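Secondary and tertiary structure notes
Residue-level listing of the chains:
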Protein chains: 2
Amino acid sequence: MAHMPVAERRARLLAAAFEVISRAGVSGATTRAIVDEAGMKLASFHYAFESREDLLVQLVDVVVHQQEVVLDLPDAEPAQGSPAAAVARGEHSALTALRQLLERGLARYFDEVRANPLRERAMFELTQYALRTTSMAGVAERQYERYRNLAVASLQEAAMRTGCTWRRPLDELAADLVALTDGITLAWLADGDDARAARTIAFAARALAAEAAPPAEAAPPAEAAPRAEAAPPGEAAPPGEAAPPTPTPPTTTEAP
Amino acid sequence: MAHMPVAERRARLLAAAFEVISRAGVSGATTRAIVDEAGMKLASFHYAFESREDLLVQLVDVVVHQQEVVLDLPDAEPAQGSPAAAVARGEHSALTALRQLLERGLARYFDEVRANPLRERAMFELTQYALRTTSMAGVAERQYERYRNLAVASLQEAAMRTGCTWRRPLDELAADLVALTDGITLAWLADGDDARAARTIAFAARALAAEAAPPAEAAPPAEAAPRAEAAPPGEAAPPGEAAPPTPTPPTTTEAP
DNA sequence: GCCCAACTGGGACGGATGACCCAGTCGACG
DNA sequence: CGTCGACTGGGTCATCCGTCCCAGTTGGGC
């Protein structure tokens, strides 16, 4: 193996380690397997890292910060195809637009999961490893905090694009969204049922959209919407409260 | 170690293995650690099981069938305290009662998780181990099928108790419920935030209850259920949406 | 009570693993 | 163009792993 600065060697080893973990799990990611994957010699490992656990700690850090999205909203479409445009034309309510946008975003996130299931599995496994390793205390917590932060940004943008406002604090909704994506991902990893995942995604989009309020009348799609912040839905705010999605559907009661 | 029939030895080793896995993970559950936990000698292990993997396979089977609930509904209260009774008195809509019942059930499930987090972690880890082990193909799939079956039973009972009906096939809702509990559990294992979990549980209960329909009228007491009944058409009706949570909106599910 | 099969105990083995060491080699800088 | 320090390669070590073996021991059916 040619010479190379330590930094790059470290980066290559981290990438190789993630690759091995994807394939064989954390327990299969031995020092030898990692250097083999990276095409290096064993001694290079302990030149770049103090120990195997040292690498694992840094790997979790890197990998968590590589996670880009929890909800992958499509690019804003300023043209007539956008949900906002449809709302403007009165074809949908803003809440419907929000729900559709969320569903699109979840579906796009899920497409990434489906395209690379090994990666997701490795992420879960690293989280559990972090939970069990005392020297990594707090890593899993920060990991989920980051997920929530990503979710906050996406939810905020989705609301802005459709002119809706969230009726609960954003970080609470972010936790709900993260729980949903985690659950959907986990179930799909176990059973591989695409159709079921799609249905759960639709459910998740409905559930989240139900936590939003439509634009307050004539207000242009800007800020300054009356947040129901003071009173988070304590007892009397099931979906039937403000006006959200409770209009009685066409009574097509489906038999179990 | 005294004599004992093989069956009991196997059972004790399985219990010890789960204990060790809870504490040290699957990779920490070495044959020596397991027999040590069980207070046996190493040779007894291979007398009772063909190999370590043999034990692991059987352990997943046992443990999955020990899982009793995904949603732990409180015992039915025939007296005046029950949600159904409140509905009968017209204090709540049946949907509110359903939501409360679901939230109670989720909270009770979560109490068990909180009381024994190591158990849950071990379950997740076993699932992932099964996913990666070719000789355990299908095990994870059956595991989630069982979870869904448990969820179906609970959802059915919750609807029956409150007189509501589910507007989507039960097994779809079961998948949604399982995803939610998984997500809630996973997040709590990572951050240990009880309050956040409680809020997400409330959200989950709302989301699920939104998939139900109240009893088809015939309710003797005054109406309290849906507010937007047969909406007078032609009017502004800002929140009026075509059919918000209609079962399987066919045009909104496609992927990019 | 006897006897045989079911069971136990202790040890052993080949292989893998994390960690390490030191003699060499390469390349950037002067 | 030489040199010195950063980097590499191969070998080594103690430990732990799953598995196996075989000599003993136990207990229940006759």
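Anyway, here's the lowdown on the structure attached to this text. Worth saying up front: this structure is predicted, and the values here are computed from it rather than measured.

Conventions adopted
- Residues numbered from 1 in each chain as written.
- Chains lettered and ligands numbered in written order.
- Predicted model: local features only at pLDDT ≥ 70, side-chain atom pairs only at ≥ 80, totals over all residues.
- Heavy atoms only, no water.
- Helix = DSSP H or I, 4+ residues; strand = E, 2+ residues; numbered from the N terminus.
- Buried < 20%, exposed > 50% of the residue type's maximum accessible area, 1.4 Å probe, protein only.
- Contact = heavy atoms within 4.5 Å.
- Axes fitted to C-alpha atoms, helices over the stretch in contact; angles between N-to-C directions.
- Parallel < 35°, antiparallel > 145°, perpendicular 65-115°, else oblique.
- Nonpolar A, V, L, I, M, F, W, Y, C, P; charged D, E, K, R; others polar.
- Phe/Tyr/Trp six-rings, centres within 6.5 Å; stacked < 30°, edge-to-face > 60°.

Some details on the environment of Pro-5 of chain B
Residues and elements named next belong to chain B. In this fold, Pro-5 is placed in the segment before helix 1 (6–28). Note on Pro-5: relative accessible area 53%, which makes it exposed. C-alpha separation for the pair Pro-5 and Val-178, spaced 173 residues apart in sequence, amounts to 38 Å.

Section: the environment of Glu-103 of chain B
Residue and element names in this part refer to chain B. For Glu-103, the location among the structural elements is in helix 6 (residues 94–115). It is 6.4 Å that separates the C-alpha atoms of Glu-103 and Ile-201, two residues lying 98 residues apart in sequence. Excluding residues that lie within four positions of it along the chain, Glu-103 makes contacts with Ile-201, Ala-202 and Ala-205.

Section: the packing of helix 10 (residues 194–209) of chain A against helix 10 (residues 194–209) of chain B
Where helix 10 of chain A contacts helix 10 of chain B, the two axes come as close as 9 Å, and the packing angle between them is 110°. Our classification of the angle between helix 10 of chain A and helix 10 of chain B gives roughly perpendicular. Across the interface between the two elements, Phe-203, Ala-207 and Leu-208 of chain A from helix 10 of chain A touch Phe-203, Ala-207 and Leu-208 of chain B from helix 10 of chain B. When the residues that make up the contact of helix 10 of chain A with helix 10 of chain B are grouped by side-chain class, the tally is six nonpolar, no polar and no charged.

Section: the packing of aromatic side chains
Residue and element names in this part refer to chain B. Under the definition given, this model contains six aromatic pairs over all chains. A centroid spacing of 6.0 Å and a plane angle of 45° characterise the contact between Phe-45 and Phe-49, whose relative ring orientation is tilted. Of the residues examined, Phe-45 reaches a relative accessible area of 0% and is grouped as buried. Assessed through its relative accessible area of 1%, Phe-49 is described here as buried.

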